Structure formats: C-alpha cells, structure tokens
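Here is how the chains run, residue by residue.
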Amino acid sequence: MKTTNNTILITGGSAGIGFETAKLLSEQGNHVIILGRDENRLAAAKAKLTNVTAIQADVSNADDVKRLVATIKQDFPNLNVLINNAGRASVYNLADQSKDAFSIAEEEMLTNYLSIVRLNQALLPVLLKQEAAAIVNVSSVVAYVPGATLPTYGASKAALHSYTTSLRLSLENTAVKVFELMPPLVDTELSAEIGGHNGIHPSQVANEFLEAFANNDFEIRVGDTAKIYELFLSSPADALNVMNANRAAWIESVNS
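Residues numbered from 1 in each chain as written. Predicted model: local features only at pLDDT ≥ 70, side-chain atom pairs only at ≥ 80, totals over all residues. Heavy atoms only, no water.

### Let's talk about helix α4 (residues 101–128)
Cut-off, in case you're wondering: Here a strand is any run of E in DSSP of at least two residues, a helix any run of H or I of at least four, and the numbering for each starts at the N terminus. Expected span of a helix, by definition, is 1.5 Å for each gap between consecutive residues, and there is one gap fewer than residues. Categorising residues by exposure relies on relative accessible area from a 1.4 Å probe, with only protein chains included: less than 20% of the type maximum marks a residue as buried, more than 50% marks it as exposed, and the intermediate range marks it as partly exposed. Residue contacts follow a heavy-atom distance rule, with two residues in contact if any of their heavy atoms lie within 4.5 Å.
Here α4 is 28 residues long and its end C-alpha atoms lie 38 Å apart, about the 40 Å a rise of 1.5 Å per residue gives. Of all the positions in α4, only I104, E108, T111, N112, S115, I116, L119, N120, L123, L124, V126 and L127 are classed as buried. Close packing links the buried residues of α4 with β1 (7–11), α3 (62–75), β4 (81–84), β5 (133–138), α5 (151–170) and β6 (176–182).

This is the structure we're talking about:
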C-alpha cells in the first residue's frame, strides 16, 4: 500500500497512537483527518500538526457518524484510508460486585467493535471508488490472549480481530485492503491504570505500522505482541500465564 498522497481518516486521532500515527502520516505527504470527541483536545492536537483537518465527533454516537459520513462524502470524496483507532478500556475485576460488568462491556463493545462495523459499512462505498484503499482496525495483543485486568476490553478486541479477518476475506477481490494493528502495552493515557508507563512509546507503534502498511503485512503485531502470539501458537496456557503474571498482586491491590 502506498504511504504518500493518501487522504486518511483516523478516529481517536487527538492523542496516543492515533496522534503519533497522524503526525507520521502527515509528514509523509498525506492529508490526514483526525477525529475525536473532545473539541479542546482535538484543537490542541491539530495545532501541533501540519496538513491535518480536525473533526469533532464520537464514533459511538449514531448521529455523529451520520454527520461525519456526510462531511466525508461532500468534502473528502478521495478518502482512501480509514484507521479505526478510537477505543475505550476499563480496568476491573469480574469478581468485584461493585462493578457493573454488563454496562462496562456494553460501552466497550459499542466503541471498540460495533462502532467500527458501522463506520466501515458507512464509508465502504467511498473507499470502493478509489483506485487503492485500506481499512486499518486497531485491536490489541489481548485479542489473542485475555488479561484479568481488562476482561471485557479483551473480549471486544477479540471480536474485532475475528471481524477483521472476515472483512479481509470479504474484500479480497476489491481494491480495499484490510489491515489489523495489534499493539502490546503502550504508554498512553488509556493504559495508565495498568502500568502503561512500562509500555512502548506510541511513536514506535506508528513507525512499525507504517513499515508494515507499505509492505502489505495485513496482521501487524507490534513489539511484544509478536512474542506473545508465537507463545500462544505453541502453548496457549503459557501465553495466558505470561499475560497474567501479576494477576494475584493486582487483585490483592484492588481488594485492599
């Protein structure tokens, strides 16, 4: 897939992986549209970037998505890359009765999975008109191996992984290529509760993504995700243990 002269929409583009990806792609000569819920954060992100358009919208809100799609069709008909990066994550223990697991899962599944299905479907007619196009779904290492601290987040990413594979098969005879970006622990605001400061910098994710994107590597396992995946293939039990090595200490800390 070409890495220059694209028109690219990045959801969740005002911070973390989305921002670093927008920065890198805009520097490569692409027109990048960043999408975010918080207007102030979005404006601050745009001020740090060049050749970038900012649109305030919440991908989990159906009316916002309708307005977004209408704007894209009218103002950016050459859109050829969609990067679904927006996400929600809640850190909790399924055994903790003070937490409403259903409500948390409902919110995470809507943002991390169902909203992506809706946006892809709505923008697919635009993408199919292009000579070359791509959809990039950002999932996670927990799509392969769940973690005790992110139970329903992991389930939403596993659903996204399965859907992405099906989407790739469905579009294999079209001009739309389907990528999945699977980061490990990344140092972002989203991951602060689970020790995100120990994770890789989001710019590393952006750089590894761009290299794989150029090479048409459709499943992009960044950093330790590749190691966990290989371990998972050889021993799912060992991979689960590695992913949850500090589980007992974490449960003790939240219950104390």
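Further notes follow.
### Some thoughts on the nonpolar core
Selection criterion: Working definition of a nonpolar core: buried Ala, Val, Leu, Ile, Met, Phe, Trp, Tyr and Cys residues. They are joined through side-chain atoms within 4.5 Å.
Core analysis: the biggest nonpolar cluster contains 31 residues, and L25, I34, I83, L181, F209 and F213 have the highest contact counts within it. Going through the elements one at a time, β1, α1 (16–27), β2 (31–36), α2 (39–47), β4, β5, β6 and α6 (202–214) are the ones with two or more residues in this core. Sort the elements by how many residues they give to this core and α6 lands first, with six residues. Sequence-distant contacts of I34, that is, excluding residues within four places in its chain, are made with I10, G13, A22, L42, A45, K46, L49, V52, T53, A54 and I55. Residues I55, L82, L124 and A133 belong to the second largest nonpolar core, which totals 28 residues.

### Remarks on the pattern of salt bridges
This is how it is decided: We define a salt bridge as a side-chain nitrogen of Lys or Arg found within 4 Å of a carboxyl oxygen belonging to Asp or Glu.
Evaluated as defined, the whole model comprises six salt bridges. The salt bridge partner of R67 is D64, with a shortest N-O separation of 2.3 Å. A residue pair is termed a helical-turn pair when its members lie 3 or 4 positions apart in one helix, as R67 and D64 do in helix α3 at three residues. When its relative accessible area of 13% is taken as the criterion, D64 is described as buried. K227 serves as the salt-bridge partner of D224, at 3.6 Å between the closest nitrogen and oxygen. With D224 and K227 both in helix α7 (residues 224–234) and three residues apart, the pair spans about one turn of that helix. Of the residues examined, K227 reaches a relative accessible area of 60% and is grouped as exposed. Here the salt bridges share partners, and the residues they tie into one network are R168, E219 and R221.

### Some words on the sheet that holds β5
Definition in use: A pair of strands is considered paired only if DSSP assigns at least 2 bridges between the two. Here an axis means a line fitted to C-alpha atoms, over the contact stretch when the element is a helix, while the angle between two N-to-C directions is reported on a 0 to 180 degree scale.
The strand order β3-β2-β1-β4-β5-β6-β7 describes an open sheet built from seven strands, whose pairing is parallel. Edge positions in the open sheet fall to β3 (52–56) and β7 (219–221), since each of these has one partner strand only. Averaged over all adjacent pairs, the angle separating strand axes in this sheet is 15°, with direction ignored. Here β4 pairs with β5 via four bridges, running parallel.

The quantities given are spatial measurements derived from coordinates; they are silent on function.
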